Amino acid sequence: MEGRTVDFEAAYKSHWTPLFRYVDRMVGDADLAADVVQEAFVRLLDQALPDEEVRRWLFTVATNLVRDDARMSARRRRLLSQRYEQTDLAHDPVESPDQPVLRAERVAAVRAALAEMPERDRQLLLMREEGFRYAEIAEVIEVAPGSVGTLLARALRRFTEALDPRIVEDETGRGR
């Protein structure tokens, strides 16, 4: 394999947190996300990549691990979704008592909207949220870099359409 041995410690320090956020948003379960991220880093140990390829490689491997898991167990996805809905969100002592409930409703609505979307749209939005450049997104989803902007705009429109109108109204003070 071309490239040189990856500086694992540097890669771990710079990529673990964004990779974890990305995977956690995809799967909605922090434990599963941590497992996927750990597996991606374990696989990185066997790689010889240039430094500029490590980030894209990790996100691609993590995405594939999530896809593999999803294909193997639809039942597990349902159970993870139920578990997340029962999770108590951290309480900020300064906020009013209804804020955690409203936040949980917004999170659930966003997750439900993302779950309704085609996998590529969901992946586009999550990668954009993690700060990927269009060229990187294009490589991962295997499209021309020039089409990423259009695909993102369409994905965002579909996301907005899938989002519960009450949540949009709560956030903006008006309906769609």
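**Here we look at the overall build of the protein**
Next, step 1: Counting secondary structure elements, the protein contains nine helices and zero strands.
Next, step 2: If you list the helices and strands of the protein from N to C, you get α-α-α-α-α-α-α-α-α.
Next, step 3: Pairs at least 24 residues apart make up 60% of the contacts formed inside the protein by residues separated by at least 6 positions.

**Quick notes on the confidence of the model for the protein**
Any residue range with low pLDDT should be treated as having predicted coordinates unsuitable for detailed reading.
Next, step 1: Residues of the protein with pLDDT of at least 70 account for 77%, and the chain-wide mean is 81.
Next, step 2: Per-element confidence in the protein is highest for helix α2 (residues 30–44), whose mean pLDDT is 93, and lowest for helix α4 (residues 74–86), whose mean pLDDT is 58.

**Concerning the packing of aromatic side chains**
Next, step 1: By the definition in use, this model includes seven aromatic pairs.
Next, step 2: Ring geometry for Tyr22 against Phe59: centres 5.0 Å apart, planes inclined by 55°, an arrangement best described as tilted. Within this pair, whereas Tyr22 is found in helix α1 (residues 8–27), its partner Phe59 is found in helix α3 (residues 51–72), the two being separated by 37 residues in sequence.
Next, step 3: Between Phe59 and Phe132 the ring centres are 4.4 Å apart and the planes differ by 80°, which places this aromatic pair in the edge-to-face class. In this pair, Phe59 sits in helix α3 while Phe132 sits in the loop between α6 (119–129) and α7 (134–141), placing the two residues 73 residues apart along the sequence. The exposure classification of Phe59 matches that of Phe132, with both residues buried.

**Let's talk about unusual backbone geometry**
Next, step 1: With a phi close to 60°, Glu142 is a non-glycine residue in the positive phi region.
Next, step 2: By secondary structure assignment, the location of Glu142 is in the loop between α7 and α8 (148–162).

Here is what the cut-offs are and how they apply
Residues numbered from 1 in each chain as written. Predicted model: local features only at pLDDT ≥ 70, side-chain atom pairs only at ≥ 80, totals over all residues. Heavy atoms only, no water. Helix = DSSP H or I, 4+ residues; strand = E, 2+ residues; numbered from the N terminus. Contact = heavy atoms within 4.5 Å. pLDDT = per-residue confidence, 0-100. Phe/Tyr/Trp six-rings, centres within 6.5 Å; stacked < 30°, edge-to-face > 60°. Buried < 20%, exposed > 50% of the residue type's maximum accessible area, 1.4 Å probe, protein only.

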